[in-house]
Amino acid sequence: MRLAIYNFGLHVAPYDSREVEGFRLREAVNFTAAERADGFVGRSGYDGEPGPASWGQQVFPRFIEGSGFETGPSSLSLWRDIEALMAFSYSGVHADALKHARHWNVKQQWPPLVLWWVEDGRLPDWADGVARLEHLHDHGPKPAAFHFKQAYDPAGAAYLVDRAVVRTLVEKNGAGQADLLASVKTMPV
């Protein structure tokens, strides 16, 4: 089994605007940091853009309705386990982006992400991620759609994240991100 993550937000202004320049400049660096992270399996690309193939047609959750946007920042990826994803998400380059996210994103009334397990060899698709994010919002964390604070193992049992493993992976990933982290420190917010 592999851990899937889908996240979705809305920017405070169009993608190519000055208001979200800090996000835009960090986006490729974050993808590179993920690719270098221990436990990263792969990510979906976006139709019509260079990079990996899209895992199905990209769709967006109902939370986009009334926003004035047709698209929103979102990603879909696979990880070895919860600890690997957590180590990447809350340290290094990605942690720097999270620190500044309040400048680029609207305050959300929905969960920023959803996690779920997929069988080895299977790729999740965008529609599945959207459905699970909406389910998490509507029903709270369950084995089919959960978050870090209330996680589940592949069998559906409540799961306690191993923080010692996360710390070890943070250290390991840090060595592989030093150049990337230095570059984002010089980027505008």
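Residues numbered from 1 in each chain as written. Predicted model: local features only at pLDDT ≥ 70, side-chain atom pairs only at ≥ 80, totals over all residues. Heavy atoms only, no water.

### Quick look at the overall build of the protein chain
Then step 1. Within the protein chain one finds five helices and six strands.
Then step 2. Computed over the C-alpha atoms, the radius of gyration of the protein chain is 16 Å, within 12% of the 16 Å expected from 2.2 N^0.38 for a compact globule of 189 residues.
Then step 3. Each principal axis of the C-alpha atoms in the protein chain carries an extent, and together these give about 45 × 40 × 30 Å.
Then step 4. Residues counted as buried form 47% of the 189 residues belonging to the protein chain.
Then step 5. Here the contacts in the protein chain between residues at least 6 apart in sequence split such that 75% fall between residues at least 24 apart.
Then step 6. Within the structure as shown, the protein chain displays about 9700 Å² of accessible surface, and the carbon and sulfur contribution to it stands at 54%.
Then step 7. For the protein chain, the distance from the average site of its 19 positive side-chain charges to the average site of its 23 negative ones is 7 Å. (Helix = DSSP H or I, 4+ residues; strand = E, 2+ residues; numbered from the N terminus. Rg over C-alpha atoms; globule rule 2.2 N^0.38 Å. Buried < 20%, exposed > 50% of the residue type's maximum accessible area, 1.4 Å probe, protein only. Contact = heavy atoms within 4.5 Å. Areas by Shrake-Rupley, 256 points an atom, 1.4 Å probe, with all protein chains shown as cover. Lys, Arg positive; Asp, Glu negative; His and termini not counted. Charge placed at Lys NZ, Arg CZ, Asp CG, Glu CD.)

### Examining the nonpolar core
Then step 1. Judged by nonpolar contacts, the single largest core of 28 residues is most densely connected at Leu3, Trp79, Ile82, Leu85, Leu115, Phe146 and Phe148.
Then step 2. The set of elements that each furnish at least two residues to this core consists of strand 1 (2–8), helix 1 (21–36), helix 2 (82–89), strand 4 (113–118), strand 5 (151–152) and helix 5 (163–185).
Then step 3. Of the residues forming this core, the biggest block, six residues, is contributed by helix 2.
Then step 4. Beyond its immediate chain neighbours, meaning those up to four positions away, Ile82 contacts Leu3, Trp117, Phe146, Phe148, Ala151, Tyr152, Tyr159 and Val161. (Core = buried A, V, L, I, M, F, W, Y, C linked by side-chain atoms within 4.5 Å.)

### A short note on helix 4 (residues 126–139)
Then step 1. Taking 1.5 Å per residue as the helical rise, helix 4 with its 14 residues ought to reach 20 Å, and the 20 Å between its terminal C-alpha atoms agrees with that figure.
Then step 2. Of all the positions in helix 4, only Trp126, Asp128, Gly129, Val130, Arg132, Leu133, Glu134 and Leu136 are classed as buried.
Then step 3. Put simply, Asp125 is the residue that caps the front of helix 4, since its side-chain oxygen is 3.2 Å from the backbone nitrogen of Ala127.
Then step 4. Positive phi appears at Gly140, one or two residues downstream of helix 4, with a value of about 80°. (Expected span 1.5 Å × (residues − 1). Polar contact = N/O pair within 3.5 Å; in protein donor to acceptor, adjacent residues only side chain to side chain.)

### Section: the packing of helix 2 against helix 5
Then step 1. Viewed as axis vectors pointing N to C, helix 2 and helix 5 meet at an angle of 50°, and their least axial separation amounts to 8 Å. It follows that helix 2 is oblique to helix 5 by the angle criterion. Where helix 2 crosses over helix 5, the two elements pack in a sense that is right-handed. In this structure, helix 2 contributes Glu83, Ala84, Met86, Ala87 and Phe88 to the contact, and helix 5 contributes Arg163, Val165, Val166, Leu169, Val170, Asn173 and Gln177.
Then step 2. Looking at the contact of helix 2 with helix 5 residue by residue, the classes come out as eight nonpolar, two polar and two charged. (Axes fitted to C-alpha atoms, helices over the stretch in contact; angles between N-to-C directions. Parallel < 35°, antiparallel > 145°, perpendicular 65-115°, else oblique. Left-handed = near helix turned anticlockwise from the far one by under 90°. Nonpolar A, V, L, I, M, F, W, Y, C, P; charged D, E, K, R; others polar.)

### With respect to the pairing of strand 1
Then step 1. When you tally the buried positions in strand 1, you get five out of seven residues, the bulk of the element.
Then step 2. Both strand 1 and strand 4 contribute to a ladder of six bridges, which runs antiparallel. Bridging across to strand 4, Asn7 finds its partner in Leu113.
Then step 3. Pairing analysis gives six bridges linking strand 1 to strand 3 (residues 74–79), with the strands arranged antiparallel. Each bridged residue has a counterpart across the sheet, and for Asn7 the counterpart in strand 3 is Ser75. (Pairing = 2+ DSSP bridges.)

### What about the environment of Ile5?
Then step 1. Tracing the backbone shows Ile5 in strand 1.
Then step 2. Relative accessible area serves as the criterion here: at 9%, Ile5 is assigned to the buried category.
Then step 3. Remark: the alpha-carbon pair of Ile5 and Leu76, spanning 71 residues in sequence, is separated by 5.7 Å.
Then step 4. Beyond its immediate chain neighbours, meaning those up to four positions away, Ile5 contacts Ser75, Leu76, Ser77, Trp79, Leu85, Leu113, Val114, Leu115 and Trp116.

### Let's talk about the sheet that holds strand 2 (residues 40–43)
Then step 1. An order of 2-3-1-4 is seen for the four strands of this open sheet, with the pairing classed as antiparallel. Of all strands in the sheet, those bounded by a partner on one side alone are strand 2 and strand 4. Taking each pair of neighbouring strands and ignoring which way they run, the sheet shows an average axis angle of 25°.
Then step 2. Relative to strand 3, strand 2 is paired through three bridges, and the arrangement is antiparallel. Bridge assignment links Phe40 to a residue of strand 3, and that residue is Trp79.
Then step 3. Packing of helix 4 onto the sheet brings it into contact with strand 1, strand 3 and strand 4, and relative to strand 4 it is tilted by some 120°.

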